[in-house]
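Here is what each chain is made of, one letter per residue.
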Amino acid sequence: MNYAGRFNSFIFKGQNVFDAIEAYKHMDGITHLEFNYPEHIAGYDLEELKKAISPLKVNGLAVRWRKEWLDGDFTNPNEELRRRAIQMARDAADVCRELGGSVITLWFENDGFDYPFQMDYEKCWGQLVDGLREVADYAPDLKISIEYKPYEERDFAMVDSAGMTLYLIREVDRPNVGCTLDFCHMLMKHDNPAYGLALAASSGKLFGLHMNDGYGWKDSGLIFGTVNFSQSAEFIYYLERYHYDGVVFFDTFPIREESKAECQANIDAFELIRSKVEREGVENISQVVSKHDGISAQKLIFSMLR
Ligand SMILES: [Mn+2]
């Protein structure tokens, strides 16, 4: 399995990108790096960064528009800011390619609304579709991956669910546009994580994963598998069933925990639950699933706990 950790777990504690890369090299299982753009790239020399990365590989870059775009990223009412938001995604594609990465993750943190009558939904939906097409056509060699989150920063996000994400992907209609599924975001929406995963993966649109855990009412970013074991196991079953070969990125927030140990705990948890799924066997689990029976499902879950 390919694994990556979250740079900000180190950077928010005063370390820099190079410190974090060094820490990842000393973990058991990390294979890839995942940068935020521009925050983890600006101010660093790309050549130096490239040297420091090896032997790890770069999965991709996640664009962060942040505070200057409070009124919207691809739907900003200020046309100049809207153009710059799209341009930032195009610039991220150039840097991603330069670093040997293949995925641009777009979480539209500011594209949403807080008040009734605040947004012209049809107009803004069109802007989102047009902006995504522009980025996708600019970088046809890269995967452009949409990460949904139901709320936070806005009360309502425009791309707020697995269903809305898949609908948007269809509307955009480009082969290189797909999605990244964040486990906590799915719990926040009351989307059963494995359901969205199955629909995305079976249509070839699962480009990335953000694994973590939580209680569903906020983006908790807890260590994978700690709260929702059975949903985590179901998620991994579908990853195996659809032969997911992308990167498993742990989007967790070790605010009080030691960052390196916390990242390792995520990898170990994923490996452990994966081993439980593999011990049962994808074929056998598929037979249980085909029964559409709650008791059989419960027996399978408890069998995995043994
Ligand atoms: Mn995420």
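Everything discussed here concerns the structure shown above.
Calculation notes
- Residues numbered from 1 in each chain as written.
- Predicted model: local features only at pLDDT ≥ 70, side-chain atom pairs only at ≥ 80, totals over all residues.
- Heavy atoms only, no water.
- Phe/Tyr/Trp six-rings, centres within 6.5 Å; stacked < 30°, edge-to-face > 60°.
- Helix = DSSP H or I, 4+ residues; strand = E, 2+ residues; numbered from the N terminus.
- Buried < 20%, exposed > 50% of the residue type's maximum accessible area, 1.4 Å probe, protein only.
- Lys NZ or Arg CZ within 6 Å of the ring centre and 35° of its normal.
- Polar contact = N/O pair within 3.5 Å; in protein donor to acceptor, adjacent residues only side chain to side chain.
- Pairing = 2+ DSSP bridges.
- Right-handed = clockwise from strand over helix to strand, strands pointing away.
- Core = buried A, V, L, I, M, F, W, Y, C linked by side-chain atoms within 4.5 Å.
- Contact = heavy atoms within 4.5 Å.

Caption draft 1: View of the packing of aromatic side chains. All told, the structure shown has 18 aromatic pairs when counted by the stated rule. Relative to Phe 250, the ring of Tyr 3 has its centre 5.6 Å away and its plane inclined at 20°; by these criteria the two rings are stacked. A residue pair is termed long-range when its members are at least 10 positions apart, and Tyr 3 in strand β1 (residues 2-4) and Phe 250 in strand β10 (residues 247-250) qualify at 247 residues. The residues Tyr 3 and Phe 250 share a single accessibility class, namely buried. Taken together, a centroid distance of 5.8 Å and an interplanar angle of 75° make the contact between Phe 7 and Tyr 24 edge-to-face. With Phe 7 in the loop between β1 and α1 (8-11) and Tyr 24 in helix α2 (residues 17-25), this pair connects stretches of sequence that are 17 residues apart. Here Phe 7 matches Tyr 24 in class, with each residue buried. Cluster of aromatic residues (ring-pair linked, three or more members): Tyr 3, Phe 183, Phe 224, Phe 235, Phe 250 and Phe 270. In this arrangement the basic side chain of Lys 143 is found over the ring face of Phe 207, its NZ or CZ atom lying 5.4 Å from the centre.

Caption draft 2: Broad picture of the side chain of His 32. Considering the arrangement of structural elements, one finds His 32 in strand β2 (residues 32-37). Judged by its relative accessible area of 10%, His 32 is buried. There is a polar contact of 2.7 Å between the side chain of His 32 and the side chain of Thr 31.

Caption draft 3: Representation of the pairing of β10 in the model. By the alternation rule, side chains of β10 split into Val 247 and Phe 249 and Val 248 and Phe 250, which are all buried. Here three bridges tie strand β9 (residues 206-211) to β10, and the two strands are oriented parallel to one another. From the neighbouring strand, His 210 faces β10, where its bridge partner is Phe 249. Tracing the backbone out of β9, into helix α9 (residues 229-241) and back to the parallel element β10 gives a crossover that is right-handed.

Caption draft 4: Expanded view of the nonpolar core. Core analysis: the largest hydrophobic core is formed by 93 residues, its most contacted members being Tyr 24, Phe 35, Phe 74, Ile 104 and Leu 106. Tallying contributions element by element places helix α4 (residues 79-98) first for this core, with nine residues. Contacts of Phe 35, omitting those with residues within four sequence positions, involve Phe 7, Val 17, His 40, Ile 41, Leu 49, Ile 53, Val 58, Gly 60, Leu 61, Ala 62 and Leu 99.

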